[in-house]
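A structural walkthrough
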Number of protein chains: 2
Amino acid sequence: MKYVYAFSEGSKEQKFLLGGKGANLAEMTKIGLAVPSGFTITTEACNAYSNSGNKLPDGLLKEATSELRALEKSMGKKLGDSSDPLLVSVRSGAPFSMPGMMDTVLNLGLNDVSVAGLAKQTGNERFALDSYRRFIQMFAKIVLDVDGDLFEHAIEQLRTAKSVATDPELDSDALKELVATFKTIVAANAGMEFPQDPEEQLRLAIEAVFQSWNGERAKIYRRMEKIPDDLGTAVNVQSMVFGNKGEDSGTGVVFTRDPATGENVPYGDFLANAQGEDVVAGIRTTEPLAAMAGVFPECHEQLLGVLETLEQHYRDMCDIEFTIEQGKLFILQTRVGKRSALAALRIAREMEAEGMIDRREAVLRIDPAQLDQLLHPQFAPDSNYSVLTVGLNASPGAATGQVYFTADEAESRHEAGETVILVRPETSPDDLHGMIAAEGILTSRGGLVSHAAVVARGMGTPAVCGASALQIDLEEKTFRVGETVIKEGEVISISGTTGEVVVGSVAVTTPEPGEHFETILGWADEFRTLGVRANADLGHDAEVAIRFGAEGIGLCRTEHMFLGTRLHLIQRFILAESEADEVETLKELGDLQRKDFVEIFAAMDGLPVTVRLLDPPLHEFLPDIEELAVRDARGELDAADHKLYRAARSHHEENPMLGTRGVRLGVLKPNLYRTQVRAIFEAMFERTLAGGNPRVEIMIPLSVSKAELGFAVDQVREVAEEFAAETQGVGDLHYLVGTMIETPRAALVAGELAHQAEFFSFGTNDLTQMTFGFSRDDVEGSFMARYLELKLLDANPFETLDVGGVGQLVRLAVEKGRETRPNIKLGICGEHGGDPASVDFCHSVGLDYVSCSPFRVPLARLAAAHAALGANGPATTA
Amino acid sequence: MKYVYAFSEGSKEQKFLLGGKGANLAEMTKIGLAVPSGFTITTEACNAYSNSGNKLPDGLLKEATSELRALEKSMGKKLGDSSDPLLVSVRSGAPFSMPGMMDTVLNLGLNDVSVAGLAKQTGNERFALDSYRRFIQMFAKIVLDVDGDLFEHAIEQLRTAKSVATDPELDSDALKELVATFKTIVAANAGMEFPQDPEEQLRLAIEAVFQSWNGERAKIYRRMEKIPDDLGTAVNVQSMVFGNKGEDSGTGVVFTRDPATGENVPYGDFLANAQGEDVVAGIRTTEPLAAMAGVFPECHEQLLGVLETLEQHYRDMCDIEFTIEQGKLFILQTRVGKRSALAALRIAREMEAEGMIDRREAVLRIDPAQLDQLLHPQFAPDSNYSVLTVGLNASPGAATGQVYFTADEAESRHEAGETVILVRPETSPDDLHGMIAAEGILTSRGGLVSHAAVVARGMGTPAVCGASALQIDLEEKTFRVGETVIKEGEVISISGTTGEVVVGSVAVTTPEPGEHFETILGWADEFRTLGVRANADLGHDAEVAIRFGAEGIGLCRTEHMFLGTRLHLIQRFILAESEADEVETLKELGDLQRKDFVEIFAAMDGLPVTVRLLDPPLHEFLPDIEELAVRDARGELDAADHKLYRAARSHHEENPMLGTRGVRLGVLKPNLYRTQVRAIFEAMFERTLAGGNPRVEIMIPLSVSKAELGFAVDQVREVAEEFAAETQGVGDLHYLVGTMIETPRAALVAGELAHQAEFFSFGTNDLTQMTFGFSRDDVEGSFMARYLELKLLDANPFETLDVGGVGQLVRLAVEKGRETRPNIKLGICGEHGGDPASVDFCHSVGLDYVSCSPFRVPLARLAAAHAALGANGPATTA
């Protein structure tokens with residue numbers, strides 16, 4: 001096993017062995033750029049170290065020593081030398097960029113002897129001593145885990161003793177004293193003397209890097225980013241060059257293109273007579289790259305050449321760190337540069353135009369999750385604000401407005417021209433009119449798939465949910481976070497992208513997706529095989545969906561049509577005491593639904609629209625039973641209230657999620673479904689007469705058996721026949737009828753259901769709830785966080801489809817469904833339709849389309865292209 | 001296709017073609033018994049009739065006519081003849097005995113001509129006229145669907161006109177008048193004249209039988225008994241013989257053995273000069289069979305011979321109908337006789353001893369479902385009572401007692417020596433102490449798997465649930481059914497076997513299972529391969545289970561140990577404000593649990609006991625939130641109540657079934673599970689020191705992933721190691737640790753779970769809830785009845801395991817579990833463990849054992865034997 005590679009031995013393909021940084025250093029060395037020599041200790045050495053209970057593997061030190069000797073030879077310097085010592089930097093470098101690990105130890109090799117050599121070599125004793133004390137301080141803190149404050153405190157005391165205000169005023173003698181003090185601090189706090197042997201320094205630094213791989217912060221980051229624990233980190237040991245050796249030296253960071261806009265011009269910062277950390281730390285004001293041309297014309301020219309070389313070589317925008325030591329340019333590291341979503345799109349598109357990459361590559365360059373930035377307003381990047389609390393980033397976008405605590409109030413204030421942030425403990429379908437009126441929604445309870453979150457995402461309204469620090473007092477109309485109290489009407493700002501809640505207003509910018517966005521998504525459409533539809537309940541939503549490229553509606557929920565001003569109608573239906581009363585009410589409801597459908601079918605003309613018949617339990621349309629009980633106890637109920645109270649009580653369920661809803665309702669109240677179906681046909685008829693082309697798929701929710709689904713399908717067919725007869729054949733409209741697969745049993749008996757269903761739509765929200773036995777309303781607020789923390793689940797299954805469990809059911813249903821009906825249409829309409837990893841699964845399992853909220857449509861289009869291109873592993877189209 | 005078979009052509013094996021009655025008539029004809037000649041029209045003819053929209057199939061009438069001619073020839077009589085007419089009976093006869101169908105038309109062939117022939121032949125004009133008017137009446141009512149009251153009314157009028165009190169006083173002239181009136185009634189109400197042509201009479205009668213197969217009552221019965229609709233019914237046409245031709249004639253019904261006790265003596269009723277219907281109708285007092293020996297010694301002797309022949313031939317107890325016509329014995333029909341459970345056991349056992357059947361046959365002769373009769377008190381068969389209302393037969397047995405409406409009241413009245421019937425709208429865990437104190441439980445809400453039903457069955461307490469006619473007024477302490485009001489303290493009786501509710505007391509008998517029961521179940525044990533355990537939470541339950549032959553405990557629920565007087569402890573745990581407080585409370589709970597476990601392990605010494613760690617959500621241990629809200633509104637809460645209220649609110653869940661319960665609780669509150677596990681080990685240790693042999697299986701409920709289960713299993717192992725260390729190895733006790741498979745995901749990833757679990761126990765109640773998305777508390781009270789009525793489900797999946805859906809998951813988990821861990825122990829502990837059809841499935845899928853409530857153990861043992869013997873189709877031991 002070879003554990004150590006000289007830079008000249010590796011290449012950029014060896015990322016997993018040498019880490020990202022090491023592989024790039026090797027690559028640059030290979031293509032002849034001026035990289036200070038060095039070597040990389042492999043990630044395999046790190047794993048060997050971890051697996052043996054923190055013991056460096058046999059042979060590693062011997063290999064490293066031998067590379068050190070070679071390094072000394074190539075640099076013509078010696079570690080610890082008293083006249084011209086070799087100094088090195090030690091840096092961690094994992095296969096993926098990873099905060100939380102030990103970063104950098106500079107100037108390793110300095111000791112009581114070589115400090116004199118450095119002084120001699122630079123002719124600057126003060127510089128050498130300052131470097132030495134900095135090295136001791138950094139080494140003690142990072143490698144030996146000594147409290148950094150001890151050193152800061154010692155410097156302070158010395159300044160006081162010497163009566164100086166700043167560190168630069170400390171002279172060589174003072175610094176000599178400081179070095180001695182620092183060594184004492186180390187001896188007293190590290191359990192060892194500060195090591196004078198440069199090879200011991202190096203060994204300890206290597207071990208410190210390896211240990212930081214298993215540090216708490218690194219672990220948390222890996223869990224968050226789903227990086228496997230067994231990748232390990234590499235260690236890079238590189239000869240030091242100094243940008244602070246005088247006015248002929250300098251340092252900088254530069255991108256080959258503008259990382260904010262994507263414009264094809266180098267973009268960077270430069271500082272003369274400084275070390276790299278000074279640029280990053282922002283202590284001194286940096287100068288733009290152009291300024292460098294005046295001071296270091298030759299190096300500047302050289303640098304531009306390097307940038308060109310790197311970009312051509314990497315076929316991507318790169319960033320580099322460089323140092324000029326006494327007029328000579330060195331490249332210290334490079335990597336593919338981070339960029340904004342806007343820049344990513346422009347760079348990809350322009351590189352394609354430049355012939356550097358093809359369209360496939362251009363599409364793969366865009367991270368679907370990043371697109372959200374482009375579709376929603378955000379807190380302006382340069383705005384200053386202090387965060388009151390952070391909740392869950394439930395629906396992206398930012399909003400500023402006045403706080404109101406009830407849906408009614410939100411609505412009336414909105415109508416009065418105010419911009420409103422609706423603040424609720426949680427929301428229910430009753431609050432919908434207020435949610436529509438609000439610019440933003442803030443709740444103290446509920447998770448990422450709570451009612452508030454799902455509805456807000458569906459509408460594209462920014463929402464922060466589950467902000468548990470909020471104590472809402474609905475009677476007082478205030479909320480409190482710690483000592484801060486916000487009253488009704490006060491202004492707050494929320495960012496559903498970050499989860500931040502801010503008192504007062506924050507400047508908000510709305511990015512414009514622009515032509516690059518359209519072009520790249522157009523290319524994505526060429527590659528993807530998976531259709532993308534939107535979940536949309538209203539004509540307006542349908543229009544937004546179309547604008548974002550939806551190819552139809554995969555889920556049109558009809559219950560939303562019964563809310564707001566129409567709530568009284570469905571309540572009247574529930575309370576109906578005679579069939580005549582029921583029929584009368586249904587007629588009114590049907591008329592309203594017909595109008596809704598006409599609007600949607602018009603917006604989606606020529607595209608398929610999946611209409612789901614009524615799904616939620618009826619009691620969702622009735623007032624809260626506890627509230628009624630309390631009002632009853634207070635004697636506040638009138639006769640009508642009492643009637644509602646009785647109805648609410650008789651419809652009350654222990655577990656409404658598993659109660660009388662979906663097709664069960666359709667069986668108990670066949671006229672309800674028949675009315676809805678009738679309204680659909682009437683709307684289709686109206687559209688057809690107007691020259692439109694409605695393509696409707698009628699969806700039965702929550703079925704569990706063939707006979708049950710057959711019962712509902714028969715009703716649909718009967719209404720269709722009746723309607724066709726009434727309209728004398730003119731109304732003989734084409735439609736599909738199918739079902740949602742959202743109970744585990746539906747998936748298990750999908751082969752039978754396919755005899756009745758012309759399409760399946762996987763309702764993976766409910767399917768996940770029932771497969772896990774997780775009520776999403778309950779578990780996200782309680783144990784989900786702990787489960788993810790303890791890694792008892794790979795991911796929150798409501799965010800990313802659980803391939804191991806729920807996925808088995810989906811796969812089974814796809815197979816059995818196709819067995820029975822080879823041309824069955826298959827789609828998904830759960831929240832997962834907008835999650836890239838889940839879209840990949842849907843592609844691999846062979847669905848025809850995914851459907852997601854309108855604002856996630858672009859993301860799904862791109863993710864579908866990635867899936868087709870095998871971006872997430874071998875593509876399977878089974 | 002041959003549609004008509006003479007009796008001499010068939011045999012008893014042709015039950016499906018000829019119906020049960022027809023096949024037995026053929027069999028008796030074949031073995032030479034004196035059966036009046038006749039023929040059978042096949043079930044295939046019935047199906048052909050139904051499938052062609054009620055049209056008799058081609059050729060049927062021709063075949064029937066030809067058989068009629070043969071019949072005339074063999075009897076030497078002619079249909080419609082004016083001197084010695086042939087008369088026939090027409091009876092339906094399906095493959096399975098089935099009420100609700102057209103039963104019998106006697107004397108078919110009588111008309112205006114043949115009535116004279118009958119008079120001539122019998123020398124009794126009045127008899128002939130009376131037979132004729134009875135035939136018209138019966139034919140019109142049954143075949144032509146004329147209202148029977150019209151005829152009764154006409155008779156009444158005639159009696160008045162003739163000034164006589166009884167029918168026998170009507171003379172021939174009066175009867176002639178009556179015949180004329182009856183024919184007028186028919187003409188006016190049947191849309192046709194009374195048919196004079198005997199062949200038309202026969203055709204109409206055959207069609208009436210076929211139509212009755214699809215009558216509403218027959219359909220409901222078939223659905224209830226799960227008899228397929230396409231079996232069809234046969235029609236038997238048989239020459240009439242008359243038991244009412246004078247004192248040398250008679251009729252009777254006789255069993256080859258006593259159907260009530262099983263004693264091996266013929267048992268029957270006899271009536272001289274009477275027709276069969278007189279025996280059944282109970283108008284005249286019948287005489288015991290022995291009395292016949294004096295009057296008809298020869299026929300009696302002959303009859304005993306027939307009984308002997310039939311029993312030897314059928315190798316089973318038979319019943320027969322016989323008629324003596326003018327000194328000659330005829331056997332009209334036979335079938336295997338119905339018998340009580342007690343008789344079934346005795347007959348099977350004695351026939352085995354007599355060498356008539358083997359043990360296998362003896363075991364198969366007992367219907368497992370029938371055993372329930374023997375294990376619970378019943379309303380005495382001869383008692384007279386009127387039923388107030390009928391609810392669901394939720395837990396078998398009968399009880400009489402005083403009505404109380406709260407658990408506390410029930411408990412204190414019980415302690416005061418009263419026998420109590422607890423009446424509640426529904427029950428919750430809070431009511432447990434009252435349920436334990438009650439002799440019987442009656443609820444107005446909740447289905448067969450409601451809390452009340454499940455707990456009552458578990459305790460063996462009679463319960464009637466979901467008696468929806470009950471209007472309970474908890475404040476007034478009364479319940480009302482219609483006009484009847486029952487106050488607290490009044491006596492009622494309930495039968496959980498039938499669902500009946502009766503005002504006042506009803507005599508109750510408790511059958512004694514006896515030695516036949518023990519013997520047959522012993523034989524069953526020899527055949528079965530499936531183990532049978534009991535679900536038992538307390539030492540007392542464990543003892544009952546042992547008595548009924550349980551081979552261990554498959555489910556010991558630890559939550560019941562936290563109720564009643566211990567409720568305040570678990571509440572204190574929930575409300576604990578410091579860890580010290582929590583630890584303190586857990587110590588007390590642990591001590592109590594240890595004592596419970598010692599009791600159970602002692603009762604089950606040497607047998608496995610599966611202990612399930614705490615499963616229900618914590619809020620089940622807190623008061624009802626709505627009640628608290630109301631009391632709060634009334635200002636009735638003190639500080640302690642407010643604390644409880646806050647806790648109840650913070651633990652409140654939308655769908656508690658899918659919330660924070662089972663192992664989720666164990667993850668959030670690890671000390672709770674550790675305390676329980678510790679108590680288990682302490683109890684094992686105590687039992688071992690006392691010379692016992694505790695065999696414990698620790699069960700983690702509701703797991704969904706390997707990591708989650710591993711987390712819980714690790715806790716168990718850690719506590720075990722700690723305990724072993726403390727007791728210096730003496731406490732190194734052997735135990736298994738496993739999990740319930742009750743979420744669909746657990747079944748899907750069973751292969752992974754088996755790495756952690758040494759056993760699986762299928763919790764099919766919850767698995768059914770989640771697979772269907774049915775909350776049992778909600779759906780049984782709402783749509784389940786309608787679903788079963790419309791046949792949208794084959795059966796209530798909470799009663800009989802849903803092989804098509806839930807069964808797939810069970811099968812999958814069994815396969816995957818065994819793949820990972822070939823010797824994994826597999827059992828089931830849902831309610832289904834006591835359902836014969838479900839036991840059969842468990843056998844076929846290869847489980848090691850079923851576990852059910854103690855009172856169902858005998859039933860499960862027998863059902864397991866039936867399964868092993870392939871009683872329900874081909875046995876598979878995969």
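Here, the structure is the one placed above.
Residues numbered from 1 in each chain as written. Chains lettered and ligands numbered in written order. Predicted model: local features only at pLDDT ≥ 70, side-chain atom pairs only at ≥ 80, totals over all residues. Heavy atoms only, no water.

Points about the relation of the copies chain B and chain A
The second copy of the chain is related to the first by a rotation about an axis and a shift along the axis. Least-squares fitting of chain B to chain A yields an RMSD of 0.4 Å, with the transformation described by 0.3 Å of translation along the axis and a rotation of 180°. Such a combination of rotation and displacement between the chain copies is what one expects of a two-fold axis. In this assembly the copies share their binding face: 100% of the residues contributing to the interface of chain B also contribute to that of chain A. (Least-squares fit on C-alpha atoms with pLDDT ≥ 70 in both. Contact = heavy atoms within 4.5 Å.)

As for the interface of chain B and chain A
Listed by partner, the interface residues are 55 residues for chain B and 55 residues for chain A. Between chain B and chain A, a total of about 4,500 Å² is buried, with carbon and sulfur atoms accounting for 60% of that surface. At the surface where chain B touches chain A, the tally comes to 4 salt bridges. Where R649 of chain B meets E626 of chain A, a salt bridge forms, and the shortest distance between an N and an O atom there is 2.5 Å. The tally of links from chain B across to chain A stands at 28 residue pairs in polar contact (both at pLDDT 80 or more). Counting residues per element, the side of chain B that touches chain A draws most heavily on helix α23 (residues 625–633) of chain B, which supplies 5 residues. When its residues are assigned to classes, the side of chain B that touches chain A shows 28 nonpolar, 13 polar and 14 charged. (Buried area = accessible area lost by both parts, 1.4 Å probe. Salt bridge = Lys/Arg side-chain N within 4 Å of Asp/Glu carboxyl O. Polar contact = N/O pair within 3.5 Å; in protein donor to acceptor, adjacent residues only side chain to side chain. Helix = DSSP H or I, 4+ residues; strand = E, 2+ residues; numbered from the N terminus. Nonpolar A, V, L, I, M, F, W, Y, C, P; charged D, E, K, R; others polar.)

With respect to the pattern of salt bridges
All names here are of chain A. One pass over the full model with this rule turns up 119 salt bridges over all chains. One salt bridge connects R159 with D167, and the closest N-O pair in it is separated by 2.5 Å. By relative accessible area, R159 is classed as partly exposed at 21%. Where R631 meets E636, a salt bridge forms, and the shortest distance between an N and an O atom there is 3.8 Å. A residue is classified by how much of its surface remains accessible, and E636, at 41% relative accessible area, is partly exposed. (Buried < 20%, exposed > 50% of the residue type's maximum accessible area, 1.4 Å probe, protein only.)

Structural notes on the pairing of strand β30 (residues 735–741) of chain B
Both faces of the sheet carry side chains from a regular strand, because those side chains alternate between them. Residues and elements named next belong to chain B. Of all 7 residues in β30, 6 are buried; the element is thus mostly enclosed. As paired elements, strand β29 (residues 695–700) and β30 share 5 bridges and run parallel to each other. Bridge pairing in β30 places E697 opposite L736. Here β30 runs beside strand β31 (residues 759–762); their pairing, made up of 3 bridges, is parallel. Considered in β31, the bridge of T739 is made with F760. (Pairing = 2+ DSSP bridges.)

Things to note about a nonpolar patch on the surface
Judged by side-chain polarity, Y385, V387 and V390 of chain B come together as a nonpolar surface patch covering roughly 230 Å² of accessible area. Summarising the element assignment, Y385 of chain B is placed in the loop between β13 (378–379) and β14 (387–390). (Patch = residues over 30% accessible without salt bridge, like charges linked within 9 Å, V, L, I, M, F, W, Y side chains within 5 Å. Areas by Shrake-Rupley, 256 points an atom, 1.4 Å probe, with all protein chains shown as cover.)

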